[in-house]
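Summary of structural features
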Amino acid sequence: MKVLRSSRAMSAWAEERRLEGRRLALVPTMGALHAGHVALIRRARRVADCVMVSIYVNPTQFCAGEDFEKYPRVEHEDVVLCKQEGVDVVFAPRNLYAADASTRVEETVLSRDRCGVSRPGHFTGVATVVAKLLNICRPHVAVFGLKDFQQCQVIQRMVRDLDFGVRLVFVPTVRERDGLAMSSRNRYLSEEERRLAPNFYRILCDGVRKGMGEKIIARELEKVGFQVDYVTHSCGRLCAAVFLGSTRLIDNVPLKKEAEGD
């Protein structure tokens, strides 16, 4: 397995594989890989001949005062996991932006609500870095997790509107045994916060099952100690973001049983 640092080397590797007639899949990540990422890698392996994993903590998607500096960076562990999962190449650039970079990719409708309200500029950073990764790696398929449902919507719209010509595959959320959605930020939780965290998913599921309104669900979350950012129905899902201590958690639950597929 190769670990490449430069965009030029990554593009050259991808082009060589394309000329060989290989089908390429990209799994974009910010590292601190967990079982949720493993599920993305394994899905990528099912739909392609070669799997590329990018590891890059993207500064442009962090807002002022967020956790860019303390975001977990454990590249050695990530590379070991990728090797174990049969990844063909890890793209781990030091920096993806020129010092005088002045171009951004902005989606203007789907990014307005939910996380877009409390994290202004976040989805512009996401769209820009994903566009760059797609241009550098030139995958036939790109794989994302549905835990970040709004992110998936924004990327899907960007790919359609800008004619990227890449197939997107979205993988259902992978959860701990107690229901907590797997996230690199879960490692921020204290022991007590980790004990409380599964109530987030439980209350969302109860809300869907019982047909509860958004305000009632928000009150139920607050009762057990969450600070609610938002609770809203969007595109067939109940979506929410909360704070538990200083850690921001997001999750979503489909209003109907979700069908898994490529």
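Notes on the structure in this doc start here.

Considering the overall build of the protein chain
Check the secondary structure of the protein chain and you find 9 helices and 9 strands. On C-alpha atoms alone, the protein chain measures out to a radius of gyration of 18 Å, which is about the 18 Å that the 2.2 N^0.38 rule sets for 262 residues. By principal-axis analysis of the C-alpha atoms, the protein chain measures approximately 55 × 40 × 35 Å. The 262 residues of the protein chain split such that 52% are buried. Sequence separation of 24 or more characterises 72% of the internal contacts of the protein chain that already satisfy a separation of 6 or more.

Structural notes on the environment of E85
Position of E85 relative to the elements: it lies in the loop between α3 (75-84) and β4 (89-91). Through-space distance from the C-alpha of E85 to that of R42 is 7.5 Å; in sequence the pair is 43 residues apart. Residues in contact with E85, not counting those within four places in the same chain, are V38, I41 and R42. In terms of polar contacts, E85 uses its side chain to reach the side chain of R42, at 2.9 Å.

Observations regarding the side chain of N199
Locating N199 in the fold gives a position in helix α8 (residues 199-210). Its relative accessible area of 17% is what places N199 among the buried residues. Setting aside residues no more than four positions away along its own chain, N199 makes contact with L221, V224 and F226.

Description of the packing of α8 against helix α9 (residues 214-223)
Across the interface, α8 lies against α9 with an axial gap of 10 Å and an inter-helix angle of 155°. As judged from the angle between their axes, α8 and α9 are roughly antiparallel. Of the two elements, α8 crosses α9, and the hand of that crossing is right-handed. In this structure, α8 contributes N199, F200, I203, L204 and G207 to the contact, and α9 contributes I217, E220 and L221. Of the residues assigned to the contact of α8 with α9, the class counts are 5 nonpolar, 2 polar and 1 charged.

Here's the deal with unusual backbone geometry
Positive phi outside glycine occurs at A32, with the angle close to 50°. Summarising the element assignment, A32 is placed in the loop between β2 (24-29) and α2 (35-47). Backbone geometry places D163, a non-glycine residue, at a positive phi of 55°. Structurally, D163 is set in the loop between α6 (149-161) and β6 (167-171).

Focus: the pairing of strand β8 (residues 237-244)
With 7 of its 8 residues buried, β8 lies for the most part within the structure. With 7 bridges joining them, strand β7 (residues 227-234) and β8 adopt antiparallel strand pairing. From the neighbouring strand, V231 faces β8, where its bridge partner is A240. The antiparallel hairpin formed by β7 and β8 contains 2 residues in its connecting segment, where C235 sits at a positive phi of about 50°. The pairing of β8 with strand β9 (residues 247-254) spans 8 bridges and is antiparallel. From the neighbouring strand, C239 faces β9, where its bridge partner is N252.

Considerations on the sheet that holds β2
Spatially, β1-β4-β3-β2-β5-β6 is the arrangement adopted by the 6 strands of the open sheet, whose pairing is parallel. On the outer flanks of this sheet lie β1 (2-4) and β6, each paired with one strand and no other. The sheet shows a mean angle of 25° between the axes of neighbouring strands, direction not considered. The pairing of β2 with strand β5 (residues 141-145) spans 2 bridges and is parallel. Residue pairing across strands places A25 opposite V141, the latter belonging to β5.

Topic: the state of the cysteines
Counted under the stated rule, the structure contains 0 disulfides. With no disulfide partner, C82 has as its closest neighbouring cysteine sulfur the one in C137, 13 Å distant. The class for C82 is buried, based on a relative accessible area of 0%. C239 provides the cysteine sulfur closest to C205, a residue in no disulfide bond, and the two sulfurs are 13 Å apart.

Rules behind the numbers
Residues numbered from 1 in each chain as written. Predicted model: local features only at pLDDT ≥ 70, side-chain atom pairs only at ≥ 80, totals over all residues. Heavy atoms only, no water. Helix = DSSP H or I, 4+ residues; strand = E, 2+ residues; numbered from the N terminus. Rg over C-alpha atoms; globule rule 2.2 N^0.38 Å. Buried < 20%, exposed > 50% of the residue type's maximum accessible area, 1.4 Å probe, protein only. Contact = heavy atoms within 4.5 Å. Polar contact = N/O pair within 3.5 Å; in protein donor to acceptor, adjacent residues only side chain to side chain. Axes fitted to C-alpha atoms, helices over the stretch in contact; angles between N-to-C directions. Parallel < 35°, antiparallel > 145°, perpendicular 65-115°, else oblique. Left-handed = near helix turned anticlockwise from the far one by under 90°. Nonpolar A, V, L, I, M, F, W, Y, C, P; charged D, E, K, R; others polar. Pairing = 2+ DSSP bridges. Disulfide = S-S within 2.5 Å.

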